[in-house]
Every structure is written in C-alpha cells, then in structure tokens.
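# Observations on the model geometry
Listed below are the residues making up each chain.
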Amino acid sequence: MTPFIYLQLLYVAYYAYILFILYKLQQNDCMCEKLEKFKKMPEFSFIATGTLLFFLYNINHLIKIFNSQSGGGNDLYFNTLIIISMGYGLSFVIDIVLLKYLRMMKSNSCPCQKKHREILTYMTYVKFTSNVYFYLMTMNNLDKKTFLKIMKKHLN
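What counts and how
Residues numbered from 1 in each chain as written. Predicted model: local features only at pLDDT ≥ 70, side-chain atom pairs only at ≥ 80, totals over all residues. Heavy atoms only, no water. Helix = DSSP H or I, 4+ residues; strand = E, 2+ residues; numbered from the N terminus. Buried < 20%, exposed > 50% of the residue type's maximum accessible area, 1.4 Å probe, protein only. Contact = heavy atoms within 4.5 Å. Areas by Shrake-Rupley, 256 points an atom, 1.4 Å probe, with all protein chains shown as cover. Phe/Tyr/Trp six-rings, centres within 6.5 Å; stacked < 30°, edge-to-face > 60°. Expected span 1.5 Å × (residues − 1).

### Digging into the overall build of the protein
Within the protein, the regular secondary structure consists of 6 helices and 0 strands. A total of 156 residues make up the protein; the buried ones form 32% of that total. Pairs at least 24 apart in sequence give 86% of the contacts found in the protein among residues at least 6 apart. As presented, the protein carries roughly 10,200 Å² of accessible surface, and 67% of it is formed by carbon and sulfur atoms.

Below, the structure written as structure tokens:
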C-alpha cells in the first residue's frame, strides 16, 4: 500500500472519531446543562453535517483508490481543480468552526467528553496543518500551461 492510502485511512479514522465524539455529546451521559446549550448551537449541526459528508467522501475516495481508473481530459482537469479547492475550503471552515466550538466548551468548563475533546483539538491542529501543506503542494504541482489554456477556454 502506498503512503497515500495510509493518509486516506487516517482521514477516515479522524472523521469517524469526530462523529463518535459528537454522538457521545449528543447522548449527554454526564447530564450537563451546559452541554444542552452547546448542542442547540448551529455550529454543532454544521460540524456534524460537514463531518458526515467528509467521512462519506473519504470512504468513497478510499474505495476509488482501490479500484483506480485512468483517463481524463481538459474539462476533467479543470473540474478536478475546482472540486479540490472547494473541498479544501470546506474542510478548513469545518476545522476552524470545530476548534472554535471546542474552545468555547472548554472556556465554559463543560465536563463532558473532556479527554476526547482535548485529543480531538490536537488532531484537528495536525489535520489543518497537513491540509494546508497538501493544498499548497497540489496547487504548486499543477500543470500551469494546461491550467492557463483551460482558463482561457472557459473565460472566452
């Protein structure tokens, strides 16, 4: 297996871990009234929905890696760049909202799932940093001549 497959497996595990923590928070085993307030915030729904989408996307992408196909063309190249940029952008937004949400829970001394929240905070910083790195590497390695030719075609 290539290192890329291991990275994809890590992303699947990361999003599964977030879903697990959100599920545990939804259960509110600690009977915390503060948590009930946090669960009603739009950030909670946004994080849950976005995480579920990324979890499903990464599972799908992992399956496609194992069943890889080749092919493409200029339109596929252009669409891929747009999808990559939108995906990274949404991922960055979810990471920022998640970190803000976890920081808010910590500042309000919410006792629920405290250890998991701390682990998730560190994991999110690592994921955010690696996503910035991979996005910059992806944009740096794109074929600039092909990209400019496609952009001229789409702008005309």
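### Describing the packing of aromatic side chains
Applying the stated rule across the entire model yields 9 aromatic pairs. For the ring pair Y17 and F20, a centre distance of 6.5 Å and an interplane angle of 25° mean the geometry is stacked. You can see Y17 and its partner F20 sitting in helix 1 (residues 3-27), 3 residues apart, about one turn around the helix. Between F38 and Y101, the ring centres sit 6.1 Å apart and the planes meet at 80°, which makes this aromatic pair edge-to-face.

### Some remarks on helix 5 (residues 114-141)
Its 28 residues place the ends of helix 5 40 Å apart at the C-alpha level, agreeing with the 40 Å of an ideal helix rising 1.5 Å per residue. Within helix 5, the full set of buried residues consists of R117, L120, T124, K127, S130 and N131.

### Digging into the environment of Y6
Mapped onto the fold, Y6 is located in helix 1. Along the chain, Y6 and L62 lie 56 residues apart, while their C-alpha atoms are 9.7 Å from each other.

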